[in-house]
Every structure is written in structure tokens, then in C-alpha cells.
Amino acid sequence: MWQLPKAMGFVYLLTLPAALHLTTSAQAASPSRQCRKACGDQIAACVGAGGHPRACRRSVLGRCKQEGVAACQGEALAPALAGDCSSPTVVPAQGGTFGGTTSGTSVLAGSCGSSGTAPEQVFQWTPTVSGTATIQTCGAGTTFDTVLYLRSGACASGPEVAAGCNDDACTNATGLNRASRITPTVTAGQTYFIVVDGYGGAQGTFSLTITPPGPTTTTTTLPGGGGCGSPMVIPASGGTFSGATSGTSALVGSCGSSGISPERVYQWTPAVTGTATIQTCGAGTTFDTVLYMRSGACAGGPEMAAGCNDDACTNAIGLYRASRLTPTVTAGQTYFIVVDGYGGAQGLYGVTVTPPVGSPTTTTSTRPPTTTTTTTTTRPPTTTTTTTTTRPPTTTSTTTTTRPPTTTSTTTTTRPPTTITTTTTTRPPTTTTTLPTSAIRTVFLILMENTDWSSIKGSSSAPYINSLLSGAAHAEQYNNPPNNHPSLPNYLWLEAGTNFGISSDPNPPQRTSSPHLSSMLDAAGISWKTYQEDEGSGAYDGSDCPNYGEGNWYDVNHNPFVYFTDVTNNTTYCKAHVRPYSEFPTDLASNNVPRYNFIVPDLCHDMHENISCSQSNRIRFGDTWLSTEVPKILASPAYLNSGALFITWDEGASGDGPIGMIVLSPKGKRGYSNTTTYYDHSSTLRTMQEIFGVSPMIRDAANATDLRDLFVSFP
């Protein structure tokens, strides 16, 4: 693996004496030989600076042949490694990781982001394998906000390929979601031009990684157009097939929210009866798929039992957004497999169809009187496993005994597979059906303590928070509700839109009442947790429902949930939703966080006044904690896949505020400040209700202005 220099100016190379170039008459007679002799040191210096030997030779010798050996005299040749359209860097077919720097003026612009004012660097690549490639600027090697796009055939005027432009997909060196990734379908032997550009004039050093398609059995030439009128025909033996969805929606499955996404249709007639597996799992799928299967007819045929799934396995971004079916199929029966998208999603996919294990048999067609024996032969043991997952075992037994095998499919067709446990775990069914297109999926809310925004903004005690502002949106007029003090009334307000008449910090029990946000999330099937931090020997550890002043630096007044009797009356329920913060990093890394995460640092880290463990500078102590914990969130799959992080404070230190409200999200505005709109905790509560689609608005949330102005798209 080799790297290009990271300084755009590229170190000037050593000059050579003129005597080095023309030493013999034989050399004089051969310009090519003269150039090879004269420019040897320049080529070596180019390679030493990080250039690829072949690219260096071609660049240096090409200029020498054009301009004569004088080009290798005097001022040294600059290695044209990562250049412009006239001199792009040539990337080997096997790809690799390449460093570089953008600077200068803008010449090109992609279809996404705002790259028309930023300088760019161009790479030329001709893959030797067809399929889905991955091209990205992710990671610590990239220091600025990149835009990445891919053109085919010609650099300046060639068409941008499908799925060939991306602004934000992954984190860069700052920990923010400001690096780019594209997963285009490429063709062996076709030349492509990869452009590393910047958003809104941004420029700097980058690391570009190109991963070509791997050897695959994927079939991309199936006949048919992909709609019901011309489905793509899959052989009875199945296989793996790639494609892309685009256009308008014509079909909809019984699960997910696929009514507004385009789809592709496959026709399949298996030769074996039994349990098939059909899936879009893996790196070949770039979007949130919904997969369903119909029998007999495409547009009007009945959906199969266990024949619709939204989320069952991971896709290219590592989230559970790909789909898997395990339907029981009958030999000789024609089925229609539909690859659809959730909530308007579309993109590239790989669908794998695995027929039942076994050999073709005539048992199904003849249906002899010995039904018991025939059923055992026709429906292999794997059917029992699948049935156990989606339907109670007793149902399988009854169906097998009293009806022919195909009757089982008919009976279960009336019940869609809403009991698939993976869907329930990663995104509850109710949420799936109510979320709008491209909705924010996961929310992280971090609540700090008792600090005015004027003490944070521009403060040398808060360097990390201030470093976030260039990539975040924030509100300059966010306040706690009028005269709402001290802490507990504000925590209650964020959960319920009122303080219930409480104007102090008493310990539970307090008889507060529904509705409140977490109870509405429960009713909607939306997962939630609060992560409460503590530390030291004897710290709160999650072994009980912490509805009193326990542990060391855990403050029950900062945990609004244990003031609601519908939480504390059921210890098991409370322990499932109120957890120690020590569990959060593990849940985050394993992508097991809930949809709503209410995060409370302990008294040492939340900027609270007069706390011994925060030492002499409470703001710096809290800022340091955020600098350690926030990057974990920003790098997590839950955040990168349409997540949102809100950082705010419970109340002002010298009145009602303003206090800080910072929003970081792939959907958030960057470097944006709302300086005029009045917001308070009712605004945050209303925003949460709108994100999760739960209504009616709770108490004062009905009167508030939401935080949508801090987002590019909302919710």
C-alpha cells in the first residue's frame, strides 16, 4: 500500500546539473533515453515523497518528452500525483488507500453537497472486476468536510454514476460525521474518475480508500425490467443477484413502510418443496430494504406466510436494515419476490435466493392417501425450526396433521409475520408504520447542569464544546421555563411539559401523573432508556430501581423517570429502562441502544456547582467529559444512520438563561446559530414527540416552538 504526499504544494525536487543530460552522441540521438537518464533523480524523489513508481515515471518522463530535457533542469518537476482532470492520479485496479491534500481553486462540482467553491483532487481508476465498489474518505486521515463523487468515461464532462455522490456518511478526524462514502456499481474495464472535493469551500488533507468489488457469483444480466409487467426471472437453483431500485412505488408489502419506495420484482419457480431463504443481507445492500414474496400473481397474488420482513440482518453500513425471509415454497409454484425500501429508501442491493435443501419429488403433485408420510417427506425438518420462530409449534403440528402441506401456507397467509423478533428489537412495529420518510431514527439527549450559555461560548474552559459549533447547529436563546428552578422541576418538564407544582428538589415518591414522554413511547412500541452515571466503590450499578439518593455521585433529582409511579411501581420494568451509564458504551458499540437515550452525567461531570470531585473548574471538568464521551456517539452506527445528539443544560446559573442547546446530526445544519427564536424545555419535548410521532402534545409542548430550524431536514 502506498500513500501520496499530504501537502498540496508537493516538495520541489532536487535540480540536476546540465552536464548530466547530454553526455554521449548516442544519448543525444534518443530523447526517451535522454529523459530516462536526466530525470532519474526526479523520479526517485517523486517515489520517495509517496508517489507510486509507475505514476511517477509516467508523469516525470511525459513532461520531459513534451518539454525536452530542460524540464529536468533548474526547477524540479512537481510530481503530478493527485491532480486535476488533465493529470489525475492513476489508482491501480486493486485499489488501496491514498493520501493527499486539496488546495487552490474549484474546477469541478458534484451533484450532492455544496462543492462548487472547494478545490478538489482527481483520481483515475479502471477496475478489473464488475460489481459494487466502496470508495470512502472515512477516518482520522481526513481533516475536513469532504464531498466524494464518481464520474464515468470522462473527467470533466462524464456522467456521474448512480449512487456516485456523497457528502456525509462517516466520521473524519474531528469525530464528526463529515467524511464521505459511496458504493457504486462499477464495470470491469471501464475508466472512472474519483473526485475528492469539499463542502462549502472546505479543504485540507484526506485519506481515500478504494475497495474494488470482490469475486462474486452475483448475476446482473437477468432478463426483465424489474416490474410486475416484466419481472426478472431467477433460475430454480437460486443464486445471488444485484440491482438498484429507483423511480416510483407500485407495490407495498404488509410489513415496514414500503408504499413510497421504488421496488424491483423477481420471478422464481423452485424445483424443490420446503423452506427457502431469501435475503438482502450483507455489504451489497446500501439502503434500508423491505422484502416480501407473493404467490401466483405479482400485483394481486397473496403474500406468503412468513413472506414479509423489514429488518433481520445488517447491510453495508453495519446496521440491521437488510431483510430475510424463510417461506415454505412448493415445487412448480411460481412466486414473485419484491425488493422494496423502508420509508422512501432506495439504492443498491444484493438479493440471495437459496432454495430448499433436497431433491425434486413427485410427492407434492400426486398427493397420495398416505398424507402423514408424504408430509414428512415434502416438508423437511428445517420447516419446524422456521415455524417455531414465527408461529407456535402447536400450530405447525395441527396444520400438518389435518391439512395437506400447501394448506399451511394458505392458513398462515391471513397473518402477516409481525412477530419477527429482530424487527421488534431494532425498530418496534408501531414506530415502523408511523415514521415519516427519512425520519430521524435515534435520539441522544445529554443533560448538563446549572450553566449560562455566556459562560460556555468562547470560554477557554470549554474548548471541546466550542470546537463542536463549526459542525453543529445551536440556539442562542434557549432557556429553562420561566422561573422554573431548581433542577428537578426542569428534568420533569423535559419529560412531561410541567413541573407538577414542584419547586424544590425532593426525593421520590412524588405522585406525578401521565401522560409523559416515556409512557407515550411505550404505548407506541418505541424503545427508551435513561443512562445515569455514577462512579467509585458502592456506585449505583443497576441492581435496583434507583428511586432514592443512593450511590456516590448519582443524583436522583436528575432522574425524572423515577418520579413517575408507572415506572417505579414495577421494579422489573424500572430496572429495564433505568440503567447505569457504565452500560452505555457497550450498548452503543454493539448497536443495542434504544431509540430514545436520556443521558445524565454524574455530579462530577455535569458542571454542577460546589462539587468537590469536579475540582476547581467545573466547566472544564464537564467539557473534558464531553470530549471523551461525545465522539463515541458520533462514531456509532445509531448516530450515523440518521441519529441526532442534543446537548443542553437544565437551568441557568443566574436566572432562566439563555442556556446552551447544541444539535449534532447527519441531518443537522452545520455552523448554524439561531440567535432570535425563543426556545425552552417545552421546545425540546415537542421536538421529541415529533421525531417519534407520538401525540397529542404533552401539556406545554403544545404551546412551544420546536427545534426544526436547527435541522436541514426534519424530522
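Attention here is on the structure that accompanies the text. (Residues numbered from 1 in each chain as written. Predicted model: local features only at pLDDT ≥ 70, side-chain atom pairs only at ≥ 80, totals over all residues. Heavy atoms only, no water.)

Quick look at the sheet that holds strand 3 (residues 121-125)
So, step 1. As summarised here, the arrangement of the five strands in space is 1-3-10-6-7, forming an open sheet in which the pairing is mixed. Both edges of this open sheet fall to strand 1 (89-91) and strand 7 (160-166), since each of them pairs with a single strand only. With direction set aside, neighbouring strand axes in the sheet form an average angle of 20°.
So, step 2. Looking at chain direction, strand 6 (residues 146-152) and strand 10 (residues 192-198) are connected through seven bridges and run antiparallel. When the sheet's bridge partners are listed, leucine 150 is paired in strand 10 with isoleucine 194. (Pairing = 2+ DSSP bridges. Helix = DSSP H or I, 4+ residues; strand = E, 2+ residues; numbered from the N terminus. Axes fitted to C-alpha atoms, helices over the stretch in contact; angles between N-to-C directions.)

Brief notes about the sheet that holds strand 28 (residues 643-649)
So, step 1. One open sheet holds the eight strands; their spatial order is 26-25-27-23-28-29-24-30, and the pairing between them is mixed. Each having just a single partner strand, strand 26 (578-580) and strand 30 (672-674) make up the two edges of the open sheet. This sheet shows a mean twist of 20° between the axes of neighbouring strands, independent of strand direction.
So, step 2. Relative to strand 27 (residues 596-600), strand 25 (residues 528-532) is paired through five bridges, and the arrangement is parallel. Bridging from a neighbouring strand, threonine 530 pairs with phenylalanine 598 of strand 27.
So, step 3. Contacting strand 23 (442-448), strand 24 (473-478) and strand 27, helix 13 (residues 487-496) crosses the sheet at an angle of about 165° to strand 23. (Contact = heavy atoms within 4.5 Å.)

Points about the side chain of glutamate 550
So, step 1. Note on placement: glutamate 550 falls in the loop between strand 25 and helix 15 (565-568).
So, step 2. Buried charge glutamate 550 goes without a salt bridge, the closest partner of opposite sign being arginine 579 at 10 Å.
So, step 3. Filtering out sequence-adjacent residues up to four positions away, glutamate 550 remains in contact with Asp534, Tyr540, Asp544 and Cys545. (Buried < 20%, exposed > 50% of the residue type's maximum accessible area, 1.4 Å probe, protein only. Lys, Arg positive; Asp, Glu negative; His and termini not counted. Salt bridge = Lys/Arg side-chain N within 4 Å of Asp/Glu carboxyl O.)

A word on unusual backbone geometry
Excluding glycine, residues mostly carry a negative phi; peptide bonds, for their part, are mostly trans.
So, step 1. Proline 486 follows histidine 485 through a cis peptide bond whose omega is -5°.
So, step 2. Examined against the element boundaries, proline 486 turns out to sit in the loop between strand 24 and helix 13.
So, step 3. A cis amide bond, omega 5°, links glycine 657 with the succeeding residue proline 658.
So, step 4. The topology assignment puts proline 658 in the loop between strand 28 and strand 29 (659-664).

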